[in-house]
Amino acid sequence: MKAATITTFLPAPEMPAQTSAWTRLTMKMRQQPLWLAVTPSVFITLIMGWIDRVTGWELSLFIFYAFPIVLAVWWGGSRAGIGSALLCGGVWWVANTDTHPYETLAGFVWALINREFYFFVMVFAVVVVRKKQDDDAARIRMLEERRQLEQDIVRVSEHEQQRIGQDLHDGLCQQLAAIGCATRVLADELQSRQVPEACDAVMIEESIQQAVMEARNLARGIFPVHVDRDGLSAALSDLVRITSKFTGVSIKVEENTEIHLASPEAAMHLYRIVQEAVANAVRHGAADQILIRLDFHKDTLELSIEDNGSGFTQEKKSTDGGMGLRTMYYRAQSLGAQLAVKPRPGGGTIVQCLLPAQFLPHTFP
């Protein structure tokens, strides 16, 4: 496995959430009592009524009464909007009582009805817009909470796997190694006495050493420490060696560049995607040949896993419950990558993960 170049990715800095001043003001006003939320609207309505009275009938400002109505609905809700519409109509009536050109009171009343209709249409329109925005905001919050929950689930799962792997390595493996040493001492003692059971003791000691090796390989598969220490390539090499030894499947890794991810979390996600894809190929596809490719070209990190098995059909997916695939898709999404699972020409399955470099900036050749 020869590395042509070394590519280092640094994690992107987290950008703080930007909230506009209007949004912050709206959230603050909606938390206030209704009378306080509509106070600015009432004040603006009275100011506009005074201006309307001063300017007279020829420069009527009735269309601008929409502003306090919008403000009342946006901060106080539909009831505040209805009250504001009635207030605007009343203020308009008072402001133009002495200057209106109507010869009869009926004509003036009809003009008031027309304007109230305009005001109530504004109330209805703003209520609809506010409801849509609130629904969109609630949907976004729900998606953010769901995404956070998914991240927590994956994080807890990863933590538990690491804990189990660490316990296997530091606990069970050490106990087995101690038992193996004691057995070795016993075997040597029996051999020195030329006891026939010395051969059995040697066989037990060899079996214990084999169990230690398998337990360490299992712990390394659950908790791939090399992802943090030596990079993704070393972790994949260990995965290939252990899986090939346990399953007898021929697994190869090809890469034209040595990838170092500064973020252990990103490296762990890619490692788990490969691990799940290999497990699916062996368990569901009955593959006997698997090829893992790791490549970087055109500002994109490409990770692909190909197998010559029977393919991962919809029936097998429903039997497995699809949890592995959903976890793979989520891990890719959390990295800003695109994951595709598709049939391989000639039989088998291709799992392809494309990670644009823009999600891992500052690339240094």
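Use the structure listed above.
Computed from a prediction, not measured in an experiment: that's the story for all the values here. (Residues numbered from 1 in each chain as written. Predicted model: local features only at pLDDT ≥ 70, side-chain atom pairs only at ≥ 80, totals over all residues. Heavy atoms only, no water.)

Draft legend 1. How the structure looks around the overall build of the protein. Of the regular secondary structure elements, the protein holds eleven helices and seven strands. In the protein, which comprises 365 residues, the share counted as buried stands at 37%. Relative to all contacts within the protein whose residues are 6 or more apart in sequence, the contacts with residues 24 or more apart total 69%. Total accessible area computed for the protein in this model is approximately 21,400 Å², and 62% of it derives from carbon and sulfur atoms. (Helix = DSSP H or I, 4+ residues; strand = E, 2+ residues; numbered from the N terminus. Buried < 20%, exposed > 50% of the residue type's maximum accessible area, 1.4 Å probe, protein only. Contact = heavy atoms within 4.5 Å. Areas by Shrake-Rupley, 256 points an atom, 1.4 Å probe, with all protein chains shown as cover.)

Draft legend 2. Up close: the environment of Thr55. Residue position: Thr55 is located in helix 2 (residues 34-55). Residues Thr55 and Thr99, spaced 44 residues apart in sequence, show a C-alpha to C-alpha distance of 9.9 Å. Engagement of the side chain of Thr55 in a polar contact is seen with the backbone oxygen of Asp52, the distance being 3.2 Å. (Polar contact = N/O pair within 3.5 Å; in protein donor to acceptor, adjacent residues only side chain to side chain.)

Draft legend 3. Spotlight on the packing of aromatic side chains. For the structure on display, the rule yields six aromatic pairs. Each residue in the set Trp92, Trp93, Tyr102 and Phe108 is aromatic and connected to the rest through ring pairs, giving one cluster. A cation over an aromatic ring shows up here: Arg30 above the ring of Trp74, its NZ or CZ 5.5 Å from the ring centre. (Phe/Tyr/Trp six-rings, centres within 6.5 Å; stacked < 30°, edge-to-face > 60°. Lys NZ or Arg CZ within 6 Å of the ring centre and 35° of its normal.)

Draft legend 4. Structural detail: the sheet that holds strand 5 (residues 300-307). Taking strand neighbours across the sheet as the criterion, the five strands line up as 2-4-5-7-6 in an open arrangement whose pairing is mixed. Here the strands that pair on one side only, and so sit at the sheet edges, are strand 2 (250-255) and strand 6 (338-343). For this sheet, the mean inter-axis angle between neighbouring strands, taken without regard to orientation, is 10°. Pairing geometry for strand 4 (residues 289-297) and strand 5, over eight bridges, is antiparallel. In the sheet register, Leu291 faces strand 5, and the bridge partner there is Glu306. Each of strand 2 and strand 4 is contacted by helix 8 (residues 232-247), which is oriented at about 165° to strand 2, the strand it contacts most. (Pairing = 2+ DSSP bridges. Axes fitted to C-alpha atoms, helices over the stretch in contact; angles between N-to-C directions.)

Draft legend 5. Structural detail: unusual backbone geometry. Although it is not a glycine, Ala286 sits at a positive phi angle of roughly 55°. Note that Ala286 resides in the loop between helix 9 (264-283) and strand 4. Judged by relative accessible area, Ala286 falls into the exposed class, the value being 62%.

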